[in-house]
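Single-letter residue listing:
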Amino acid sequence: MPNDNLARLAPLSGDSLPSNALAPIGRVVSVGGSQVMIEFSTGALSNGETTVGAFLGIWNGRTLVVGSLCDVSLHKRADGQQSEPAGGRVDLLGELILDQPGAGYFQRGVMTYPRIGSPVVPVGHDALCIMFDTVGPNTINVGQLQQDASIGAYIDVDDMVSKHFAIFGSTGAGKSSAVSVLLHEVMDTRQNLRILLIDPHNEYASCFEDRAHVVRPGNLRLPYWLFNFDEMQEIVFGRHSDIEDEVGLLAELIPLAKNEYAKKSAANPAGYRTLSNEAGGRYTVDTPVPYRMNELVALAEARMGKLENGAVAGQYRRLISRLQSVRKNPRYSFIFDDDAVGNDTMVDILCELLRLEGDGPPMTIVQLAGFPAEVFDAIVSVLFRMAFEFGLWSDGALPLLIVCEEAHNYANADRAIGFRPAREAVSRIAKEGRKYGVFLGLVTQRPAQLDPTLVSQCSTVFAMRISNEEDQRIVHAAVSDPGNRLLGFLASLGTREALAFGAGVPIATRLRFKELPKSSIPTSEAMWGGRIDAGTPVDRNLVANVVARWRGIAMSNKPVIAPAAEPAGFDWTTPGLK
Ligand SMILES: Nc1ncnc2c1ncn2[C@@H]1O[C@H](COP(=O)(O)OP(=O)(O)OP(=O)(O)O)[C@@H](O)[C@H]1O
Ligand SMILES: [Mg+2]
């Protein structure tokens, strides 16, 4: 169809809307831009169905202009008493065009404006079906329309995924469950799409079961050489201050160690590029190629030994001791385990994390709870960056959707908060990812804390119940849809309900996500789920397990491709006590 706004062609009974939709309930009394004022006929509101949020139609020749009733009120009489006729304001959203007998289609936007006196009708079931029940290979069914539960809410899967989407809502509004509904549907219709789900509360593994590969402290391999310098700096020095000199030395040593490693392995066909001798090698501090930490420390020690300047030698000493202490920390073993550096495992790691090989589940869930909190940011940053770079260097060989819960942690509206490289990585995907087949789905309960430039890149927004006024204001500002007056409902939406706007939906609408079976509802494994009035008996074994976890022994599993055998009597998935 030449106009890609056309939702679909569908048969209509006769050459007009169904008879129940034809009985006018009012008329247009003023027209202004994208809004019209209407006057309801006496008794038209008595059925209780026509209220704010309802879709109304205005006949305009063979076109039904469709809008959403955004307020309704009784006119005041001269004596101050309120009486009929009631008046209302309608936001115009689109047109149902009935240009052939028995057929109609819906398009966004209004080309022919209603006239004063045009009849107003309720938008009945058949018309809603044409607008929303757009079943087909490009749509996913995520639930039902709030206005008519017998009509499915269909989302254009390609538009939603490829133009980024966001889900906002206060805690308990149903965001995670909505993610579960959306991703199950997306996986059913787009088998080639790969999904990387950042799961800070370890809540998704059980609801995707064998459809997802789960990475957690026991089986994640993320060797330090994959980290760029900013990320490495975060791991080695954390938020320490007064370490500029040591940071500078580390930046000098890493490329040397990389080149050293490459020279040694050049004899065997490891696929490294030939090094240019005059430069002493081509690798920069950020090139993701292996090097050995032992070699880096040895280089530092050799340089330190030659120094006469005690102050600089002190900087080397501090750097070496810092490196040794993070390397020895068992909680960082997934990064510093030297076995992981034995050979160039980057291809394996990419294949595993981004599900690049055809077989196996198309989704990776990264369970963050259980990793040391201080490396969350660095892990997420590496993953975002690897996903983007893979898209870039492969010319978008395989589309990849990254869904990020608690997105405000990685791209806060306050630029001083959070980890700069993670923010840069996520912003880069938001701005350029579409060119390379890398897409974002952002989920947050604090939209006001999410970088507004990211919010504006999300073309489809699902706004669920939001009670905080500041968050409501941000969502209002972010949604530039003509139907955004619907957002007045934000505070009163029920659980599972969402206002959907933008590219993925025909017009702004209020929908209710499908009810998930209990097994598919995301449930946090990481949070204490007990009752205050109930206690679990604690014995010495349990205390010993706690101490082991505390000291990080339990974190020291060697990285393996398949999930590692779990340490006896220890539950990886649950940082809290069970
Ligand atoms: N689609 C759904 N089907 C069935 N139950 C649902 C659905 N959506 C929400 N619920 C119910 O509401 C509860 C809260 O939903 P959910 O955990 O998805 O909210 P949330 O917005 O992610 O909350 P939080 O911000 O705390 O993570 C669920 O435990 C479930 O009982
Ligand atoms: Mg949640």
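Conventions and cut-offs
- Residues numbered from 1 in each chain as written.
- Chains lettered and ligands numbered in written order.
- Predicted model: local features only at pLDDT ≥ 70, side-chain atom pairs only at ≥ 80, totals over all residues.
- Helix = DSSP H or I, 4+ residues; strand = E, 2+ residues; numbered from the N terminus.
- Contact = placed C-beta atoms within 7 Å.
- Buried ≥ 20, exposed ≤ 12 C-beta atoms within 10 Å, placed from the backbone.
- Pairing = 2+ DSSP bridges.
- Core = buried A, V, L, I, M, F, W, Y, C linked by C-beta atoms within 7 Å.
- Arc of directions from axis to C-beta.
- Near = placed C-beta within 6 Å.
- Axes fitted to C-alpha atoms, helices over the stretch in contact; angles between N-to-C directions.
- Parallel < 35°, antiparallel > 145°, perpendicular 65-115°, else oblique.
- Left-handed = near helix turned anticlockwise from the far one by under 90°.
- Nonpolar A, V, L, I, M, F, W, Y, C, P; charged D, E, K, R; others polar.
- Expected span 1.5 Å × (residues − 1).
- pLDDT = per-residue confidence, 0-100.

Caption draft 1: Broad picture of the overall build of the chain. Helix and strand content of the chain: 16 helices and 19 strands. The long-range fraction of contacts in the chain, counting pairs at least 24 apart against all pairs at least 6 apart in sequence, stands at 73%.

Caption draft 2: Just the pairing of strand β11 (residues 165–168), in detail. On β11, burial covers both faces: Phe165 and Ile167 on one face and Ala166 and Phe168 on the other are all buried. Bridging between β11 and strand β16 (residues 438–444) involves 4 bridges; their strand directions are parallel. Note that in β16 the partner of Ala166 across the bridge is Leu442. When β11 meets strand β17 (residues 460–463), the two strands line up parallel, connected through 4 bridges. Bridge pairing in β17 links Ala166 to Val461.

Caption draft 3: Quick look at the nonpolar core. Ranked by internal contacts, the top residues of the largest apolar core, which has 154 residues, are Leu383, Phe384, Ala387, Ile402, Val403 and Ala463. Broken down by element, this core gets its largest block of residues, 11 residues, from helix α12 (residues 373–393). Filtering out sequence-adjacent residues up to four positions away, Ala387 remains in contact with Leu196, Leu354, Leu400, Ile402 and Val438.

Caption draft 4: Summary view of helix α15 (residues 469–478). Looking at α15, one finds that the buried residues are Asp471, Gln472, Ile474, Val475 and Ala478. Taken around the axis of α15, the buried residues stretch over an arc of 160°, which confines them to a single face. Opposite the packed face of α15, turned more than 90 degrees from it, sit the exposed residues Glu469 and Glu470.

Caption draft 5: Broad picture of the site of ligand 1. Among the 18 residues in the neighbourhood of ligand 1, the closest are listed as Thr171, Gly174, Lys175, Ser176 and Ser177. If one sorts the elements of the shell around ligand 1 by residue count, helix α4 (residues 175–189) sits on top with 4 residues.

Caption draft 6: Representation of the packing of helix α8 (residues 293–305) against helix α9 (residues 310–328) within the structure. Direction vectors running N to C along α8 and α9 enclose 160°, while the axes themselves pass 9 Å from each other. Between α8 and α9, the interaxial angle falls into the category roughly antiparallel. Read as a crossing pair, α8 and α9 show a hand that is left-handed. Judged by residue contacts, Met293, Val297, Ala300, Glu301, Arg303 and Met304 of α8 engage Ala313, Tyr316, Arg317, Leu319, Ile320, Leu323 and Arg327 from α9. Among the residues making up the contact of α8 with α9, the classes are represented as 9 nonpolar, no polar and 4 charged.

Caption draft 7: Spatial organisation of the environment of Asp245. By the element assignment, Asp245 lies in helix α7 (residues 244–266). We classify Asp245 as partly exposed; it has 15 C-beta atoms within 10 Å. Expressed as a C-alpha distance, the spacing of Asp245 and Gln315, which sit 70 residues apart in the sequence, is 6.7 Å.

Caption draft 8: Representation of the pairing of strand β4 (residues 55–60). The element β4 is extensively covered by neighbouring structure, given that 5 of its 6 residues are classed as buried. Two strands pair when backbone bridges link them, and β4 and strand β8 (residues 119–122) are joined in this way by 3 bridges, in the antiparallel orientation. Among the inter-strand pairings, Ile58 is bridged to a residue of β8, identified as Val120.

Caption draft 9: Main features of the packing of α12 against helix α13 (residues 420–432). Axis separation between α12 and α13 bottoms out at 8 Å; the angle between their running directions is 30°. The angle between the axes of α12 and α13 places the two elements in the roughly parallel class. Every pair of crossing elements has a handedness; the one defined by α12 and α13 is left-handed. Residue-level contacts link Asp377, Val380, Ser381, Phe384, Arg385 and Phe388 of α12 to Pro421, Ala422, Ala425, Val426, Arg428 and Ile429 of α13. Class assignment for the residues of the contact of α12 with α13 results in 8 nonpolar, 1 polar and 3 charged.

Caption draft 10: Structural view of the sheet that holds strand β10 (residues 152–156). An order of β10-β9-β19-β18-β17-β11-β16-β15-β12-β14-β13 is seen for the 11 strands of this open sheet, with the pairing classed as mixed. Looking at the sheet topology across the chains shown, the edges are occupied by β10 and β13 (212–215). On average, each strand axis in the sheet is inclined to that of its neighbour by 25°, with strand direction left out of account. In the sheet, β13 pairs with strand β14 (residues 363–367) via 4 bridges, with the strands oriented parallel. From the neighbouring strand, His213 faces β14, where its bridge partner is Thr364.

Caption draft 11: Quick peek at the environment of Ala262. Counting through the fold element by element, Ala262 comes out in helix α7. In this structure, the C-alpha to C-alpha distance between Ala262 and Arg282, residues 20 residues apart in sequence, is 10.0 Å.

Caption draft 12: Focus on α4. Taking 1.5 Å per residue, 15 residues should reach 21 Å; α4 reaches 21 Å between its end C-alpha atoms and fits that length. Among the 15 residues in α4, 11 count as buried, and that is most of the element. Every buried residue of α4 is listed here: Lys175, Ser176, Ser177, Ala178, Val179, Ser180, Val181, Leu182, Leu183, Val186 and Met187.

Caption draft 13: Highlighting the environment of Gly169. Within the secondary structure, Gly169 sits in the loop between β11 and α4. In this structure, the C-alpha to C-alpha distance between Gly169 and Thr495, residues 326 residues apart in sequence, is 9.8 Å.

Caption draft 14: Representation of unusual backbone geometry in the model. Its identity as a non-glycine residue notwithstanding, His164 has a phi of 65°, on the positive side. Tracing the sequence through the fold places His164 in the loop between α3 (157–162) and β11. You can call His164 buried: it has 28 C-beta atoms within 10 Å. Positive phi values are uncommon outside glycine, yet Arg496 reaches one of about 80°.

Caption draft 15: Representation of the confidence of the model for the chain within the structure. Summing up the model confidence of the chain, the mean pLDDT is 82 and the portion of residues at 70 or higher is 84%. Contacts for the low-pLDDT stretch residues 555–578, under 50 throughout, to residues beyond four places or in other chains number 46 contacts.

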